[in-house]
Every structure is written in C-alpha cells, then in structure tokens.
Amino acid sequence: MAAIWTGMVLISILCGLATGNGGAVGAAALEGAGAAVDLCLAMAGVLCLWMGVMEIMKRSGLSAGLSRLLRPLLARLYPEFAGDKEVMDSVSANVSANLLGLGNAATPLGIQAARKMRRRTPGVACDGMCMLVVCNTASIQLIPTTVAGVRLAAGCATPFDILPAVWLASALSVCVGIAAAKLLARVWRD
Amino acid sequence: MSTFFTMLVPIIIGAVALWGMVRKVDVYSALIAGAEEGLGVLIRIVPALVGLLTAVYMLRASGALELAAQALAPLLNAVGIPPETVALMLVRPVSGSAALGVGSELIATYGPDSTIGRTAAVMLGSTETTFYTIAVYFGAAGIVKTRYAVPAALCADLAGFLAAAWAVRLLF
C-alpha cells in the first residue's frame, strides 16, 4: 500500500505539471482529505446500526445458524479460519448481506470479519483477509438499483433488461478474483 | 416485488429482533453494545480514508486518467471493449461517485439502449470501488502490509470489465 500510495501522489504531481493542472492538484489534495471525513460521517450511522444488528444475531444464535448453512462453501475459501467460529459467523453474515444486495450492511459485517482475522497476524494481511477483500470488491449485486435509476433517467423503457448481463459479469469477476487470490497465495513472497 | 426490495432492510432488522426476543436475548442492549463497537471501528477508518482520498482526488485533478485513457484506447478495441468506456474503467476502482458520473454521461450521450450505454451500465453494476473497500477493511483491521490483496482485486475488476463488454455483445 505504501508503494501504491506514493506512486499515486507522484503520478498526480508529474501529470499535473505536464498538463498544466498543477493548481487543481493542490486544491484537490485538501478537498480529498475533507471528503474522507464527510464519507466517514455519512457511513457512521449505517455502520453502527448493522454492527448492533449483528450483535443481536450473535447473541441469539442466528449468525451461528447462518454460518452452518454457508460452511461448505466458506470452509473452502477460508481454510485457515474453518475452525474459528467467530470469524466464520462474521464472514457468513457478510456473504449473506452481499447476496441480498445490501452493500451498506455488507461493509460493516465484513469489517468485523477482518478485525477478527487480524488477531492472528497483526499488521499483515493474511490469506483469509486478502480473500475477504477480493470477494467484497467484486461483490455480487443482485439488483443494481442505482444504475437502473440512471438508465431510467436517460429515457430507457426497460432499465432492468441488463440484469442477466450484470449477473454474468459479476459472477465471472468473482470467480477470477478468487482464482487470482488462491494462486497469488501460493506464489507470493514477502 | 419492488416494495419487498425497498422494505428488505426493515424486514431483516424486524425479523432479527423478533428472533432475539424468542431466544430471550436482551435485544436492545445487544443493539447498543454492537453500535458502540461500530463507533470505535469508525475512528480507525478515518485516517485510512484521509490518506486514500487525498491521493485519489489529486490523481483525478491531475489529468493522469485522461492521459492513460488515450494510451489504452487502441488496446481495448482489440479485446472487444468499446474504447469510449475507458475513462469509466480507470475511474471505477478509485472513486464510486466519479464512476457514476462518467457512466451516467456515457449513458446519456450514447443512449441507454446503445451498446456503449449498456456496457457502461453493466460495468457499473458488476464492479465495486476497489481501493475504497481495501482502505476501509484494512484501515479498520489496522493492516499495513496488504500483500497481494490489491493485484488480486484488480484482476477481478479487469475480468468484470471484459465480461461486461462480452455479455452485452452476447445478450443484446
């Protein structure tokens, strides 16, 4: 992440100078920092709400039931955490929220899973955590409502006719992501 | 059907609360305890997002993405992706709102039922804001060494873009 971040900043400065956008780059740096705090405040309520709901699910045994249901799939994706009940419960809740198309709920639940995974390898992303991130960046969205709204606004009569294509594309992207993560887990040296 | 989807969140919350009552859990204090934990998580995410968004905003303002778009257009044409969507593909992993803006513009310009408009819509619907997700997850978990998470996630994005272009050609 250090290299990526420094690279992004350096490329911005060089391109900004080359294209004569130097002033805009300077203003954008400050604007971005402010936007980050706005974004955090915007997601604060949803995050707290879903972590609260997750706590109810945990205490009532609902998340354990969910994780039994998804276990055959998840034990394969996260072999090193297959025996860790707490991690499996959080990951199951995250996967369920993703499948239901509740991106707002999936993020807090996934964060909780990541925090529980961290306990074994503090500061370093273990294989399970990389898999979690990959599965969530390529999240399967069953009903892409925002995009359908944009198409509707542009005068489309059947805004949802792209659904099969969206499902096909996201399924393929998840599969490639999982394959890439499994492959890189074997060959990555650091 | 559409009421069901708009009501999905309250239905889930209600069902969870009801199940908790049945299992004799103090539902409200569990909710509050979980929400309090959420506040702690949020504080850890703020620094990670400040770092990331500063770089993302600089990158967007610098015109680097436009330069890269020009360079990549012929390559994309060769693999079957409409070159008009290149700006969308470059913006998508870094900024959700910017991607939605670029995508909406494509859809409005070329029409929602054109190949370009449809491809843009499918690309938006089948991918996520990768760097934002990574920053939030790893920020909350205090991860400094991200190992292969970024390349693996970008592989998934690339596959999603290719699949979006091919699916639109195949299905329409």
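Residues numbered from 1 in each chain as written. Chains lettered and ligands numbered in written order. Predicted model: local features only at pLDDT ≥ 70, side-chain atom pairs only at ≥ 80, totals over all residues.

Enquirer: Looking at this model, I keep getting lost on the packing of helix α6 (residues 127-137) of chain A against helix α9 (residues 149-171) of chain B. Mind explaining?
Expert: Two numbers describe a pair of packed helices, the interaxial angle and the distance between the axes. It is at 9 Å that the axes of α6(A) and α9(B) come closest, and there the two elements cross at 25°. Relative to α9(B), the element α6(A) is oriented roughly parallel. The crossing of α6(A) and α9(B) is right-handed. Where α6(A) approaches α9(B), its residues A:C130, A:V133, A:V134 and A:T137 are matched on the opposing element by B:A149, B:A152, B:A153 and B:A156. Residues of the contact of α6(A) with α9(B), tallied by class, amount to seven nonpolar, one polar and no charged. (Axes fitted to C-alpha atoms, helices over the stretch in contact; angles between N-to-C directions. Helix = DSSP H or I, 4+ residues; strand = E, 2+ residues; numbered from the N terminus. Parallel < 35°, antiparallel > 145°, perpendicular 65-115°, else oblique. Left-handed = near helix turned anticlockwise from the far one by under 90°. Contact = placed C-beta atoms within 7 Å. Nonpolar A, V, L, I, M, F, W, Y, C, P; charged D, E, K, R; others polar.)

Enquirer: How do you make sense of the confidence of the model for chain B when you look at a structure like this?
Expert: Regions with low pLDDT carry predicted coordinates that are not meant to be interpreted in detail. A residue-level look at chain B finds 97% of positions with pLDDT of 70 or above and a mean pLDDT of 89. Across the predicted assembly, pTM comes out at 0.86 and ipTM at 0.86. (pLDDT = per-residue confidence, 0-100.)

Enquirer: Please explain α6(A) as it appears in this structure.
Expert: Every α-helix carries 3.6 residues per turn, so stepping three or four residues along brings you back to the same face. Burial analysis of α6(A) places 11 of its 11 residues in the buried class, the great majority of the element. Considered for burial, the residues of α6(A) that qualify are A:D127, A:G128, A:M129, A:C130, A:M131, A:L132, A:V133, A:V134, A:C135, A:N136 and A:T137. Residues of α6(A) that are buried make contact with α3 (62-77), α4 (85-99), α5 (103-118) and α8 (163-187) of chain A together with α8 (130-140) and α9 of chain B. (Buried ≥ 20, exposed ≤ 12 C-beta atoms within 10 Å, placed from the backbone.)

Enquirer: Hey, could you run me through the packing of α6(A) against α8(A) in this one?
Expert: All names here are of chain A. Interhelical geometry of α6 versus α8 gives an angle of 160° and a closest axis separation of 9 Å. The orientation of α6 with respect to α8, classified from their angle, is roughly antiparallel. Judged by the sense of rotation from one axis to the other, the crossing of α6 with α8 is right-handed. Contacts from D127, C130, M131, V134 and C135 in α6 reach V174, G177, I178, A181 and A185 in α8. Residues that form the contact of α6 with α8 fall into these classes: eight nonpolar, one polar and one charged.

Enquirer: Would you take a moment to explain the interface of chain B and chain A for this structure?
Expert: Often the size quoted for an interface is simply the accessible area lost on bringing the parts together. Between chain B and chain A, the contact holds 85 residues from the first and 87 residues from the second. Within the residue set of the side of chain B that touches chain A, elements represented by two or more residues are α2 (8-22), α3 (27-62), α4 (64-79), α6 (96-110), α7 (115-126), α8 and α9 of chain B. For the side of chain B that touches chain A, the element with the highest residue contribution is α3(B), accounting for 27 residues. A per-class count over the side of chain B that touches chain A returns 59 nonpolar, 17 polar and nine charged.

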